[in-house]
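# Coordinates in review
Okay, here's what each chain looks like letter by letter:
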Amino acid sequence: MMDRRLFLGAGFAGATALTFSSVLSQTTPNLGAPVLPTPGFRKMKLGTMEIIALNDGALRRPLGEEFVRNAPLEQVKAMLASQSLPTDYVDIPFTAFLVVSGENRFLIDTGFADNGPPTTGRLRTNLAAAGYKPEDINHVILSHYHGDHINGLRAKDGSLVFPRAKVHVPAPEHAFWMDDARMNAAPPAMQGGFQAVRRVLGGLPAEQLVRFEPGAELAPGITSSAAFGHTPGMSVFTVRSEGQLFMYVADVTNVPSLFARSPDWAVAFDMDAEMARQTRRRVFDMLVKEKTVAGGFHFPFPAFGTMEAAGNGYQFKPMA
């Protein structure tokens, strides 16, 4: 039953996150292009560590009935209008995070590299602007296996973008997407997702691919936590140093102006909408209560800040 629910919920989501370029680049010109941040990185001290937000670009997509699966389009538009935001499109940014801890550099999620549309693939440029080369990254941590998070691991020609990095992946996520029986049983819309995972991760040497169980400590000061729902094995990560906390929440929410403000709404990309909703409320309640600085892959740049209670939901307050 679980697999059936995932497949039904992911009909649009399962492949769309991996095929943004073909779906959106055909429709975005009439809506203009998103404004990308300059500079496209932002640094924050966290005790003895440093957290660096690295923007990989953004996509502008038309706002249609399919984007929020359980709310009328007019209600969605009203929510955007109440925040003085456009109502005919949404901009979806992509921001990975680099954790610098001594000689170790942990990149959490990877963006698109050269596999996406023209307004993406900025991570390497912004990494250089922040003072690092791809060869400096000795660990990559993947929150989940949607394409905008994993495709930046390999360039279009198949080469590894971060050739010296061990790749840490959630074991439940890996097991789901690498299961040939599941792939063969999946609807056509999801086949591309399974195939992309194999292209990116299938050829990694065993000693380079490190599976972890959600809840495990990946390195001193970096702990994973289960955040299932958006995908079967998505994980979030808490970074601690000298009593200071930062949490990377990956895709617990997409477009905070919609899905943080109305956390019971389901974005098209959530594979198990009800589980994602429960995860969203649990994680955001904790962030509000503990006043933890949070970073999100789809948060507006600089993509880290705090979550505050707002009505029946939450509001993201970016760092100044």
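Whatever comes next refers back to the structure up there.
Below is a short write-up of the structure. (Residues numbered from 1 in each chain as written. Predicted model: local features only at pLDDT ≥ 70, side-chain atom pairs only at ≥ 80, totals over all residues. Heavy atoms only, no water.)

## Re the pattern of salt bridges
Note the threshold: When a carboxyl oxygen of Asp or Glu is within 4 Å of a side-chain nitrogen of Lys or Arg, the pair counts as a salt bridge. When accessible area is computed with a 1.4 Å probe and restricted to protein chains, residues below 20% of their type maximum are described as buried, those above 50% as exposed, and intermediate ones as partly exposed. Put simply, DSSP H or I for four residues or longer makes a helix, DSSP E for two residues or longer makes a strand, and each gets a number counted from the N terminus.
Applying the stated criterion across every chain, the model contains nine salt bridges. We note a salt bridge from Lys 133 to Asp 136, for which the minimum N-O separation is 3.7 Å. A relative accessible area of 48% means that Lys 133 is categorised as partly exposed. Given the relative accessible area of 18%, Asp 136 is considered buried. With its nearest N and O atoms 2.9 Å apart, the salt bridge here joins Arg 277 to Glu 274. Here Arg 277 pairs with Glu 274, and both are found in helix H11 (residues 273–290), just three residues apart, close to one helical turn.

## Thoughts on the packing of aromatic side chains
Heads up, the condition is: Pairing of aromatic side chains requires ring centres within 6.5 Å, counting the rings of Phe and Tyr and the six-membered ring of Trp. Pairs whose planes differ by under 30 degrees are stacked, by over 60 edge-to-face, and all others tilted.
Under the defined criterion, the tally for this structure stands at 14 aromatic pairs. Their ring planes at 45° and their centres at 5.5 Å tell us that Phe 97 and Phe 246 sit as a pair that is tilted. One end of the pair, Phe 97, is in strand S3 (residues 89–101); the other, Phe 246, is in strand S11 (residues 244–248), with 149 residues separating them in the sequence.

## Some remarks on the nonpolar core
As a rule of thumb, nonpolar side chains are buried together in soluble globular proteins. Stated formally: To form a nonpolar core, buried Ala, Val, Leu, Ile, Met, Phe, Trp, Tyr and Cys residues must be joined to one another through side-chain atoms within 4.5 Å. By the convention used here, residues are in contact when the closest approach between their heavy atoms is within 4.5 Å.
By size, the foremost hydrophobic cluster in this structure holds 57 residues, and its most contacted members are Phe 67, Phe 246, Val 249 and Leu 258. Other than its neighbours up to four places away in sequence, Phe 246 contacts Met 44, Leu 46, Ile 51, Phe 97, Phe 237, Thr 238, Val 239, Thr 292, Val 293, Ala 294, Gly 295 and Phe 304. If you look at the next biggest cluster of nonpolar residues, it comprises 36 residues, including Ala 165, Met 183, Ala 186 and Phe 194.

## Section: the pairing of S3
Which entries qualify depends on this criterion: Note on pairing: DSSP must find at least two bridges between two strands before they are called paired.
In terms of burial, S3 is a largely internal element, 11 of the 13 residues being buried. Two elements, strand S2 (residues 49–62) and S3, share 12 bridges in a ladder whose sense is antiparallel. Paired with Leu 59 across the strands is Ile 92, a residue of S3. The pairing of S3 with strand S4 (residues 104–108) spans five bridges and is antiparallel. Across the sheet, Ser 101 pairs through a bridge with Asn 104, a residue of S4.

## Focus: helix H9 (residues 188–201)
Owing to its 3.6 residues per turn, the α-helix brings residues three or four apart onto one side. Cut-off, in case you're wondering: Multiplying one less than the number of residues by 1.5 Å gives the expected span of a helix.
Over its 14 residues, H9 runs 21 Å from end to end, which matches the ideal 20 Å to within 8%, given 1.5 Å per residue. All buried positions along H9 are accounted for by Met 190, Gln 191, Gly 193, Phe 194, Ala 196, Val 197, Arg 198, Val 200 and Leu 201.

## Notes on unusual backbone geometry
Most of the time, phi is negative for any residue but glycine, and the peptide bond is trans. With an omega dihedral of 0°, the bond running from Thr 38 to Pro 39 counts as a cis peptide bond. Along the chain, Pro 39 falls in the loop between helix H3 (20–24) and strand S1 (41–46). Going from Phe 301 to Pro 302, the amide bond is cis rather than trans, its omega being 15°. The backbone phi angle of Ala 113 is positive, close to 55°, even though this residue is not glycine. As for its placement among the helices and strands, Ala 113 is situated in the loop between S4 and helix H5 (123–129).

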